[in-house]
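As a plain string of letters, each chain reads:
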Amino acid sequence: MRIVLLGAPGSGKGTQAKLLEEKLNIPHVSTGDLFRAAIANKTPLGLAAKEVMDRGDLVADEITLGMLKERITQADASNGFILDGFPRNLAQAEMLETLFKELDMALDHALLIQVDPDEVVARIAKRAEIEGRTDDTEEVVRNRLNVYAEQTAPVADYYKKQDIVTEILGKGSIEDVQARIQAILRF
Ligand code: ADP
């Protein structure tokens, strides 16, 4: 099964993806995590991405796509994967469609996790205390939310037109949200 998770920063995509990974036994592929690993390993990709990420802006599409392709063509992803953080703009959504055609793959579900903006800001503030991510400062979070509204929200409309998107209420406990997702995926 191939799933795309959509939702604002702090909407809980990563948390839900990890639970799905265990349930479905397919990898959680987070472009944010892949970039953070590249930064930690000081690879050329990481060095290129760090400055952009620290501003809360998006890394160049071609760079991100190359990294994603490398990941989803690995053996453990042959039965499917859960994409978190990609596609993040319309160009990436189109690139993903082209890549899927090239690899003879299809997308089964796009799940849009809906959370109130106030809740998202509160969750990220809490995460900033725990994880200390350099892009979780108040000013950068504001920019990430703007980038989401301007560039990523249209991706949901793109999938809506294909009739492949399901909205999930992101309120309540982690288990509540997971139960809603599992009900949609029927397992
Ligand atoms: P969140 O979901 O909380 O916004 P992520 O960990 O998914 O955070 O992403 C953090 C940062 O990594 C983004 O702000 C962006 O700079 C970069 N990034 C992640 N995915 C992409 C992508 N698909 N295209 C461009 N940049 C990306």
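Look above for the structure.
What you are looking at is a predicted structure, and each value in this text was computed from that prediction instead of being measured.

Reading guide: rules and limits
- Residues numbered from 1 in each chain as written.
- Predicted model: local features only at pLDDT ≥ 70, side-chain atom pairs only at ≥ 80, totals over all residues.
- Heavy atoms only, no water.
- Helix = DSSP H or I, 4+ residues; strand = E, 2+ residues; numbered from the N terminus.
- Rg over C-alpha atoms; globule rule 2.2 N^0.38 Å.
- Buried < 20%, exposed > 50% of the residue type's maximum accessible area, 1.4 Å probe, protein only.
- Contact = heavy atoms within 4.5 Å.
- Areas by Shrake-Rupley, 256 points an atom, 1.4 Å probe, with all protein chains shown as cover.
- Near = heavy atom within 4 Å.
- Polar contact = N/O pair within 3.5 Å; in protein donor to acceptor, adjacent residues only side chain to side chain.
- 1 Å grid on protein atoms, 1.4 Å probe; cavity = no way out; pocket = protein on both sides within 12 Å on 5 of 7 lines; lining within 4 Å.
- Sits in = over half its atoms within 2 Å of the grid points.
- Pairing = 2+ DSSP bridges.

Draft legend 1. Structural context of the overall build of the protein chain. Across its full length, the protein chain holds eight helices and five strands. Here the C-alpha atoms of the protein chain give a radius of gyration of 16 Å, agreeing with the 16 Å that 2.2 N^0.38 yields for 187 residues. Judged by the C-alpha coordinates and their principal axes, the protein chain covers about 40 × 40 × 30 Å. Across the 187 residues of the protein chain, 45% fall into the buried class. Across the protein chain, every contact between residues at least 6 apart in sequence was considered, and the portion connecting residues at least 24 apart equals 76%. Surface exposure of the protein chain reaches about 9,900 Å², of which carbon and sulfur atoms provide 51%.

Draft legend 2. Highlighting the site of the ligand. Around the ligand, the surrounding shell holds 19 residues, and the nearest of these are T31, R36, D57, G85 and R144. Contact between the ligand and R88: an oxygen atom at 2.9 Å from a side-chain N or O atom of the residue. At a separation of 2.8 Å, a nitrogen atom of the ligand approaches a polar side-chain atom of Q92. Alone, the ligand offers 560 Å² of accessible surface; in the complex the protein occludes 97% of this. Here the ligand occupies the largest pocket. When residues of the shell around the ligand are assigned to their parent elements, the largest contribution, four residues, is made by helix α2 (residues 31–40).

Draft legend 3. Representation of the pairing of strand β3 (residues 81–84) in the model. Side-chain alternation along β3 places F81 and L83 on one buried face and I82 and D84 on a second face that is also buried. Relative to β3, strand β1 (residues 2–7) is paired through four bridges, and the arrangement is parallel. Bridge assignment links V4 to a residue of β3, and that residue is L83.

Draft legend 4. Up close: the environment of R55. Looking at the element boundaries, R55 is found in helix α3 (residues 44–55). Expressed as a C-alpha distance, the spacing of R55 and N143, which sit 88 residues apart in the sequence, is 7.6 Å.

Draft legend 5. Structural detail: the side chain of Q178. Along the chain, Q178 turns up in helix α8 (residues 174–185). Among the residues examined, Q178 registers a relative accessible area of 6% and is labelled buried.

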